[in-house]
Each structure stands twice: as structure tokens, then as C-alpha cells.
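# Residue-level structure breakdown
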Amino acid sequence: MSFIKWISTECGLEASSVTGDYANNFLDTINFCALQQFNNVQNEFNRILDLVLCNDQVVVHKCNSPLVPEDPHHKAICVSLSFVELEPLPSLKRQTFCYNRGDYDKICKDISDVDWFLILNNGTYEECITSFYNIIYDIRNKYVPLSNLTVGKYPPWYNRSLIKSLNEKFKYHKKYKKYGNLSDKFTFSFLRDKVKRLEKLCYDRYISVIEDSIESNPKSFWTFIKRKRKGTSFPSCMTYSNISSTSGEQISDLFSNYFQSTFRQCDQQSNCTHASNFLDQSNAVSDVSSVEISSSEIERLLKSLDLNKSAGPDDLPAIFLSRCSKALSIPLSLLFKRSLAEGVVPVIWKSAFISPIHKKGPKNLVENYRPISKLCLIAKVFERIVYNQVYSALKSTFNEQQHGFLRQRSTVSNLLLFSDFISDQMNNNNQVDAVYTDYSKAFDRIDHRMLLKKLLQSGIRGDLYRWFSSYISNRSQAVVLNGYTSHWTCIPSGVPQGSLLGPLLFIIYINDIGTCFRHSKYLLFADDMKVFRVVNSPIDSSLLQDDLNRVISYCILNKLDINVSKCFSVSFGRKRNLASVSYSIYTETITSCNKIRDLGVIMDTKLIFGHHIESVVNKAYRALGFLIRSCKHFKRMKSIKMLYCALVRSHLEYACQVWNPHYEIYKLKLESIQKKFIRYLCFKFKIPRISYEFHCNQFHLLPLYIRRDASDIAFLLKLCQNLIDCPELLNKINILVPQRQIRRKLILHVPVVHTNYRRNSFLLRASHLFNSLAIECSDIDLFNSDVKSIYYFLTDKFSSKFV
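Residues numbered from 1 in each chain as written. Predicted model: local features only at pLDDT ≥ 70, side-chain atom pairs only at ≥ 80, totals over all residues. Heavy atoms only, no water.

Per an unreviewed UniProt entry, the protein goes by (diamondback moth) hypothetical protein and derives from Plutella xylostella.

Encoded structure:
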């Protein structure tokens, strides 16, 4: 049910013109309650005095026939909203295995007694896979009990005593309504009071168990929070392409048809995958044709599986595989070796269950969901072995500008390179133009024939090449929701979603995109690419456009579709009036904007990051409001602090090395979130309030500005210790070699700059912080100190103020 609130500002001031602390507190309260303002109807003085705040989508329009004479300051408005109570889709009643109650000693013994060498070396590979699973299923059915999977109609904290009293209460209430007997009324009143007491007692016990399970069973704790945060049920009636359905089977088929429509329909005649077709085009630096398989590695990977992972299409969950890891390692090693030798991947390991996840918008529309793929866990263990060895062999060939899905690289390393280039050019009074590109369903529309060609060019040879050819072809998927399963559909294109090898295959596919850029720089994070260069004249802009044209030709040749409507251009510079240049893709002009969200960070033309900090603060306030509402019955400070660090502080610290503010106003905005949280802790646990920093030390929460400085120094240490693979950033760090003896022993050279933009850039800011830290603590070493030691030292330094 939506919550709506109308506020009329009788003071006569327009809402957007209110300034000072009251306006900030008002806006913070709106964000705290997760509200939005929807009224854009102006009065006769072109002002908006009446606000319509709601936490759901509403439509506000002018009322053409008001019931009473209108006030010229307050126009009559109509608010249109829909209270849609969507019935949840009931779960299919089915039987499931209780793997927690299985006798794994007997299961492991029976698996070990099987002569796997005889069974798995005779017949075709698919016949061996079928024999393996039939034997495992027979042993499982023998020692793992079955139970009926039902969804209770009562909340999880209800026990049998409460449910029995509840049913008794309803029975006597019905009798009193029917016969009017006063004794039934008294019994009903007594039971009603008893149910209230029992319900409170059961809920308090449930909350206590949830809080106690943080360390022993964190899944139950986070499941409780997730249930509070957002419902995961599907509506009982869903629509796709003007087709509505109310049955579980038909709804799953609607999802299947929608997800199938995103793939590229390939020509069957072009699916020739023989290696001889590409041999003349191969000029690889690496050469990898085999993968080593060992039973000890398989056992280690099976033991390391997350026990909460559910089963894929083979119906073997992580708990079963982990408990039987030693017994299963021998037959799986035989199957893996034979799969690689014959270049065949079994059908069941190329099947996937798809779970729809709601993105945004009405939950009854299929188009508002995205797919999450769930593969067989045995197949993922196999992929992990192949991935580790292929990645090590091809690591040196990967594009240096690619920061996605590669070890020791991240969104932060990508953004730091970009922001450092911009700040350096702005310091020289240059303008930088950047074009952000977007592909349409890039992972789903990869052409398999082109992918095999790229694999051969990268150095994949022999049996391993044939294995990859089998791995990406003839894959299938089915949508599963609430126990209902759709029809199985073929996957004609793309890299496998939810797999370990899928992202690696995509990186290999676009690894040669660097040949397009002759005049500009570029950075990649998976399929997100930005192209940029200094633009001080029309010639510079034409050179940037020339590189974009080559990108278009590359995409056409490699069958990649650019979504021009989601491509944007931004000009960065210190000048008051930046030169406006239009760029185009496919003869369509790219939209120009003053700010853009780049890998989760809002980049503005002046690189001040004010818009990003405002967005982060608003998001953190909404998360803090949810936390306070959800923790009403929590009694332990540890639980609340854990939620704060996970749900609130994480927003305030993501990529803070990029946007760490220089101006005090932004620092105070960010710190206000933690101040509000500390006030809440003091109120909830009846602690007298003293000062913000005192309570930060008392609650073991460092102030955010100290944590941001620690993050800067920690990233710098990781960069120097090769824990972050970014040579371009590393080359910009200079060791100070003084020409004469100086009193202060500085380690890093910090160049003198004359602008706040450049002075507050990461490399200069982090180098200055490290020099200051090295003076205070002589034990800090740039190449040997642990990152944790930085936090320990800063924490001790902060705590020493209150000793």
C-alpha cells in the first residue's frame, strides 16, 4: 500500500527557494522516508507551493472542475494512483530431498565401492554421464529422505501453541457470532489476550534467534533482512506482448519466450566450427591446447562450495557434493579428462535453470525482469579448473585497457585512470571530450562462429579448442519459478550466463578492439567503453570522430549492436564556456550531457563530484531509514552496526578513492549520515550523548573522513605491492630522490600544482597522505606493510585522543 502525504507550505515560499538548515533537514527527511515529490502544477505566480510526496509512482495533474473556488496560490490538483493488490503466485507442491538429514558416511562408502574405471571408460561419453548420474541418484535415493515442500500460511515465528490458540480464538469468535452466547464471548476475549501475549513472546524469541545466528548461520539473518526489504514473490497474473496468464506453467513460458527473444538468431549454414577454416587467420602469442586434471584439485573445489547453493538441472546441491567430495573426486576426474580428450561437453552440463529477478516497474510485466542463470555445480567445478589454467596462459595477451572480469583490476582502477587523465589536462587548461558507448545485450548476442575464430587467434588449440566449440554450442535453458518449469529452449548465441568461462570468453571476443584507436584513448569495463581525447580545436574533434567510425566498422564486422540511444558524450574542462561538439554513431547524433554515471560514479564536467556526493547521501539516507524501521525490535548493538556497515556505509565508500571530496561542505554532508546513525544508537540504547567523535570511538566506528584517507593509502600500497594490476597508474607514482639533504624524510614525490582539481586527484592526494603517515610512523613501508596495519595505526591514533 502506497503512503501519500501532502504538504502545503503556508509560509508563501517556493519549495525550491528555501535555504539553510531547515531545507536540508526537510530534504533529508524526505530521503529518509524514501519519498519523492510528484507535483509539477504551478500556481498563478508560477510557483509550486503544494507538494505531493509518495514512495510509489503517482500522477498529478491540474483539476479542471474544482469543487470550491480556487486560491490563486494553491491550485486544485488531482492525484491519480492505483492500489494494486497482486495476489502472489502459489508455489507448486512437490517433494524434495532433505540433504541435511542424509547418511553421508554410507553414501561415501557406496560411491567409493563402485568400479568407476570400468563404468566410465566403456561406451560413448553421453552414456557414461547417464550411468554416472543414475548410480549417484540410486545411492542418494537410498540414504537421503524425502519430504513434502509446502509454504506455510503463517509467519515464520509462529509455533504450534500459538497456531492452536489462534484457531481456538477463531472458533469461539464464530460461535459467538452465530449463537450470541456470552460464555463464548468471554472465552474469545480470554483467547484473544492469550494470542497477543504469545505472538509477542514468539516474535521476541524469533528476533533473538535471528540475532544469535549472525555468526553461526548468517543466511537466516540476511534472509530476514531481505524479506523486510523487498518481497520476492511473483504475481499470480503476468503479461507479456499483450498476453496475460494466471497459471504457473504458462507464466514460466512467457518468461522463457521473453528471454529467448534477446538472442541473435544465427544462420545454421554459417555454424561451421572446424578449426581449418580459421588457421590462415591465426597469429596467436600464446598456445594452450590442454588442461591438467587432478583428483586432489577436484576434491578441494568441491569442499570449498558454498553449502547454501541450490542444485542446478542435475539436482545435486552443494551440501551433497561437499560432503561426498573425496568419494566423487575419482569419478569426476575420469569424466573431466575424457571430456577434454574427446572435446565433448555433456548436454546436462550445458543446461541452465533461469530465475527471473525483478528490476523496476510493475511486477506483473515480464519485460521488467532480468534472468539469473543457474548451472550444474559439477559443471562449475569443471569450469573453474579450465578457467584457472586458460586465464594463466592468456593473461599476458589481455588488453591493458580492459578492467572488467580480470584479476587485480576493478571499476576503481578504471575510474582512477580516467579521472587522473582529465585532472591532468584540466590543470593545463585543456578540454577533454569523452564518448560513452553501450552495446545491446552484448553477452547474449555474441556470434558463436566469430567467437571460435577469436579463440583460435588467442592461442586455443587442439583438444581444448574442440572442447570450447562443444561448450558454447547446443546450450539450452528453462525458466523455473515457484516450482514451475517452462519448456526448454535453445540458446543460439551469446556466452553462457552464470558461468565462470562466459565473462572470459567475452573478454577474448573484444580483446582486439584496441586496433580501432589511433588518435584517442579508451578504457573498458567488460562491455562498457569510453573513448576520450583532448579537444582544443575542430581537428581534435574530427580525430575523435574518426576513431568512433572505426569502432562502428569493428562492431559491424564482429556483429555487435551499439545502442545509440544509450550513448552519451561529455566535455570536461575548467573553462566557463566549453566548446560544444556533436559526435555521431550510425549517422545518429549522440546525446550530449553535463554529467553521466560512469561505473556507479557520477562524473560532472568540472570533476567536482558534487552531484555524485548528493546522490550517495540521498541513497544512504534511504538505506538508513530502512535500517531504523527494520531494527525496531533488535536488542543487540552488534546486529545494528553490522547492518549499518553493509547497507549504509557501503554506499558512502564505494570508489571513494575517485571522488574523495576536497571541500568541507561535502565532507560534512557525508559525515551527517553517520552522525544520524550514532544519534539513533544513543537513543535506542539510552546512552548520554557527548560528542560525535567520542561516540565514534565508543562504538568502534571510525569517522568517514579517516576511513576515506585510509582507503586512499591502502589502494596506493596495493598498487605498489602489485596487488592491483594497473601499470599505467603505477608508472605515475614517483619516489622522491632529493638533490640535497632535507630534514623531513619524504618517500614519494608530490609535484607542485596550482589548482584544487589537480591537488585533490588521487595520486597526489594519496602520496601526500602516505608521506604524512610515514613521518608519524616509521614502521610503515611502501612495499612491505600490510594494508590492515594502516587501519590499525589510524584507529589507534584516533582512539588516543580519548584516553
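Following the structure, the description resumes.
## Focus: empty space enclosed by the protein
We apply this condition: Think of a 1 Å grid over just the protein atoms. A cavity is a set of points where a 1.4 Å probe fits yet cannot get out, a pocket is an open set with protein on both sides within 12 Å along at least five of seven lines, and lining residues have an atom within 4 Å of a point. Grid points are joined across faces, edges and corners, and a volume is the space filled by probe spheres set on the points. The helix and strand labels rest on DSSP assignments: H or I over at least four residues marks a helix, E over at least two residues marks a strand, and numbering proceeds from the N terminus. For this scheme, ten residues count as nonpolar: Ala, Val, Leu, Ile, Met, Phe, Trp, Tyr, Cys and Pro. Four count as charged, namely Asp, Glu, Lys and Arg, and the remainder, Gly too, count as polar.
Taken as a whole, this structure holds four cavities of 30 Å³ or more when the rule is applied. Volume-wise, the largest cavity comes out at about 290 Å³. As for the largest cavity, its lining consists of 22 residues, of which Leu607, Phe609, Tyr757, Asn760 and Ser761 are closest to the centre. Counting residues per element, the ones that place at least two in the lining of the largest cavity are helix H13 (411-427), helix H20 (656-659), helix H25 (756-759) and helix H26 (762-776). Counting residues per element, the lining of the largest cavity draws most heavily on H13, which supplies four residues. When its residues are assigned to classes, the lining of the largest cavity shows 13 nonpolar, seven polar and two charged.

## Focus: helix H21 (residues 664-684)
Convention followed: How far a helix is expected to stretch is found by multiplying one less than its residue total by 1.5 Å. Bend at a residue means the angle formed by two fitted axes: the first through the 7 residues ending at that position, the second through the 7 residues beginning there. Exposure categories follow from relative accessible area, calculated using a 1.4 Å probe and restricted to protein chains: below 20% of the type maximum is buried, above 50% is exposed, and the middle band is partly exposed.
Helix length check: H21 (21 residues) gives 30 Å between terminal C-alpha atoms against 30 Å at 1.5 Å per residue, within 8%. Most pronounced at Ser672, the bend in H21 amounts to some 30 degrees. Those residues of H21 not exposed but buried are Tyr666, Leu670, Glu671, Ile673, Gln674, Phe677, Ile678, Tyr680, Leu681, Cys682 and Lys684. Of the residues trailing H21, Lys686 is marked for its positive phi of about 55 degrees.

## Some words on the packing of helix H5 (residues 160-179) against helix H6 (residues 182-216)
Selection rule: Every axis corresponds to a line fitted to the C-alpha atoms, with the helix fit spanning only the stretch in contact, and the corresponding angles, defined between N-to-C directions, vary from 0 to 180 degrees. Orientation labels follow simple angle bins: below 35 degrees gives roughly parallel, above 145 gives roughly antiparallel, 65 to 115 gives roughly perpendicular, and whatever is left gives oblique. For any pair of crossing helices, the crossing counts as left-handed if the nearer helix is rotated counterclockwise from the farther one by less than a right angle, and right-handed if it is rotated clockwise. Residues count as neighbours in contact if any of their non-hydrogen atoms are within 4.5 Å of one another.
Two elements in contact, H5 and H6, have axes separated by 9 Å at closest approach and are oriented at 155 degrees. As summarised for this structure, H5 and H6 are arranged roughly antiparallel, according to the angle between their axes. Like other packed secondary-structure pairs, H5 and H6 cross with a definite hand, here left-handed. Seen from H5, the contacting residues are Ser161, Leu162, Ser165, Leu166, Glu168, Lys169, Tyr172, His173, Lys175 and Tyr176; seen from H6, they are Asp184, Lys185, Thr187, Phe188, Leu191, Arg192, Lys194, Val195, Leu198, Glu199 and Cys202. For the contact of H5 with H6, a count of residues per class yields nine nonpolar, four polar and eight charged.

## Description of a positive patch on the surface
Using the following cut-off: Note that patches include only residues with greater than 30% relative accessible area and no salt bridge, and the join distances are 9 Å for like charges and 5 Å for nonpolar side chains (Val, Leu, Ile, Met, Phe, Trp, Tyr). The protein chains shown are the only cover counted for residues, whose accessible areas, like all others here, come from Shrake-Rupley with a 1.4 Å probe. Salt bridges are defined as contacts in which a side-chain nitrogen from Lys or Arg sits within 4 Å of a carboxyl oxygen from Asp or Glu. Positive charges come from Lys and Arg, negative ones from Asp and Glu, while His and the chain ends are left out of the count. Charged side chains are reduced to one point each, which is NZ for Lys, CZ for Arg, CG for Asp and CD for Glu.
A grouping of Lys359, Lys360, Arg370, Lys441 and Lys566 is seen on the molecular surface, where their side chains present a positively charged patch. Residue position: Lys359 is located in the loop between strand E10 (351-358) and strand E11 (369-375). With a relative accessible area of 43%, Lys359 lands in the partly exposed category.

## Observations concerning a nonpolar patch on the surface
Nonpolar side chains collect at one region of the surface, where Ile608, Tyr663 and Ile665 lie side by side and expose about 270 Å² of accessible area between them. Here Tyr663 is to be found in the loop between H20 and H21.

## A look at the packing of aromatic side chains
Between two aromatic rings, the relevant description is the distance of the centres plus the angle of the planes. Definition in use: Two aromatic rings, drawn from Phe, Tyr or Trp (for Trp, its six-membered ring), form a pair once their centres lie within 6.5 Å of each other, and the interplanar angle then sorts them: stacked below 30 degrees, edge-to-face above 60, tilted otherwise. Whether a charge lies above a ring is judged from NZ of Lys or CZ of Arg, which has to be within 6 Å of the ring centre and within 35 degrees of the ring normal.
In total, this model carries 40 aromatic pairs according to the counting rule given. Aromatic pair Phe132 and Tyr133: ring centres 5.2 Å apart, planes at 70 degrees, arrangement edge-to-face. Residue classification places Tyr133 among the buried positions, given a relative accessible area of 4%. Grouping aromatic residues by their ring pairs yields a cluster made of Tyr154, Trp157, Tyr158, Tyr203, Tyr206, Phe221, Trp222, Phe224 and Phe634. Lying over the aromatic face of Tyr471, Arg475 brings its terminal NZ or CZ to 4.7 Å of the ring centre. When the ring centre of Tyr692 is taken as origin, the NZ or CZ atom of Lys675, which lies over that ring, is 5.4 Å away.

## Some words on the pattern of salt bridges
In the structure shown here, the tally under the stated rule is 26 salt bridges. Lys106 is the salt-bridge partner of Asp103, the closest N and O atoms lying 3.8 Å from each other. Its relative accessible area of 43% is what places Lys106 among the partly exposed residues. Notably, a salt bridge pairs Asp420 with Arg758, separated by 3.0 Å at the nearest N-O pair. Taken together, the positions of Asp420 in helix H13 and Arg758 in helix H25 put the pair 338 residues apart, joining distant regions of the chain. The class of Arg758 is buried, set by a relative accessible area of 11%. Overlapping salt bridges bring together Arg264, Arg445 and Asp561 as one network.

## Brief notes about unusual backbone geometry
For Phe405, which is not glycine, the phi dihedral falls at a positive 60 degrees. Tracing the backbone shows Phe405 in the loop between helix H12 (377-394) and H13. The phi dihedral of Lys559 is positive, around 60 degrees, even though this residue is not glycine. When you line up the elements, Lys559 lands in the loop between helix H17 (538-557) and strand E18 (568-572).

## Details of the environment of His403
Put simply, the test is: Residues adjacent in sequence count toward polar contacts only when both atoms are side-chain atoms; beyond that, a polar contact is any pair of N or O atoms within 3.5 Å, and within protein one must be able to donate a hydrogen and the other to accept it.
Along the chain, His403 falls in the loop between H12 and H13. Residue classification places His403 among the buried residues on the basis of a relative accessible area of 1%. With 260 residues separating them in the primary sequence, His403 and Tyr663 have C-alpha atoms 30 Å apart. In contact with His403, not counting residues within four places along its chain, are Arg409, Ser410, Ser413, Asn414, Leu417, Leu523, Leu524, Phe525 and Cys726. A distance of 2.8 Å separates polar atoms of two side chains, one belonging to His403 and the other to Ser413.

## Observations regarding the confidence of the model for the protein
For clarity, the cut-off: The predictor attaches a confidence to each residue, and that confidence, scored 0 to 100, is pLDDT.
Per-chain confidence: the protein averages 87 in pLDDT, with 93% of residues scoring 70 or above. Contacts from residues 268-282, a stretch scored under 50 in pLDDT, to residues over four places away or in other chains number 23 contacts.

## Looking at the state of the cysteines
Definition in use: Throughout, disulfides are identified as pairs of cysteine sulfur atoms within 2.5 Å of each other.
Applying the stated criterion across every chain, the model contains zero disulfides. Cys555 supplies the cysteine sulfur nearest to Cys567, a cysteine that is in no disulfide, at a spacing of 9.2 Å. On the accessibility criterion, Cys567 (0% relative accessible area) is buried. Cys696 supplies the cysteine sulfur nearest to Cys645, a cysteine that is in no disulfide, at a spacing of 11 Å. A residue is classified by how much of its surface remains accessible, and Cys645, at 27% relative accessible area, is partly exposed.

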